[in-house]
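Each chain, letter by letter, is given below.
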Amino acid sequence: MTNKSRVTNGRWVLAGTDMRTPSGRRFRDLCDGFEKEAGGNLTETEKALIRTAAAMVLQAELLQASLVRGEPVNADDTIRLSSEARRILAPITARASRRTAGTPSALDAYLAESEEAP
């Protein structure tokens, strides 16, 4: 029997991080949302990319909150983080789109059956 790391055993856990904090919960929510958009059944590489993108989005959100509070924020940092997260997620979501594009929806199946019925 082999032992696996806490990161491998957990869902979206980061080593040495308390995932019960507001930032930890938001990070998990972002990862879950990105995973759902990607269609699930992710490779380890895709999971790592999603973790990276979620961290960037989380940091961008924190910068946006600072901006709204009137604190000085480097706008380039916010833009760069958002753009990089989008770039990282693009191939993952594109793969999910290709996978689901050829799959008929329940409505498509129902309509096809209706057309075949006499």
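The model shown is predicted, which means the values in this text are computed figures rather than measured ones.

## Some words on the environment of Gly-24
- Mapped onto the secondary structure, Gly-24 falls in helix α2 (residues 22-37).
- A relative accessible area of 4% places Gly-24 in the buried class.
- C-alpha of Gly-24 to C-alpha of Ala-55: the two residues are 31 residues apart in sequence and 9.9 Å apart in space.
- Excluding residues within four positions of it along the chain, Gly-24 makes contact with Asp-18 and Met-19.

## Structural notes on a nonpolar patch on the surface
- Together, Leu-107, Tyr-110 and Leu-111 make up an exposed nonpolar region whose accessible area comes to about 330 Å².
- Looking at where Leu-107 falls in the secondary structure, it is placed in helix α5 (residues 106-116).

## Points about the nonpolar core
- If you look at the biggest cluster of nonpolar residues, it comprises 21 residues, and the most contacted ones within it are Phe-27, Phe-34 and Ile-50.
- Contributing elements (two or more residues each) for this core: α2, α3 (44-68) and α4 (75-101).
- Excluding residues within four positions of it along the chain, Ile-50 makes contact with Trp-12, Cys-31, Phe-34, Glu-35, Leu-42, Leu-89 and Ile-92.

Calculation notes
- Residues numbered from 1 in each chain as written.
- Predicted model: local features only at pLDDT ≥ 70, side-chain atom pairs only at ≥ 80, totals over all residues.
- Heavy atoms only, no water.
- Helix = DSSP H or I, 4+ residues; strand = E, 2+ residues; numbered from the N terminus.
- Buried < 20%, exposed > 50% of the residue type's maximum accessible area, 1.4 Å probe, protein only.
- Contact = heavy atoms within 4.5 Å.
- Patch = residues over 30% accessible without salt bridge, like charges linked within 9 Å, V, L, I, M, F, W, Y side chains within 5 Å.
- Areas by Shrake-Rupley, 256 points an atom, 1.4 Å probe, with all protein chains shown as cover.
- Salt bridge = Lys/Arg side-chain N within 4 Å of Asp/Glu carboxyl O.
- Core = buried A, V, L, I, M, F, W, Y, C linked by side-chain atoms within 4.5 Å.

Taken by themselves, the reported measurements are silent on function.
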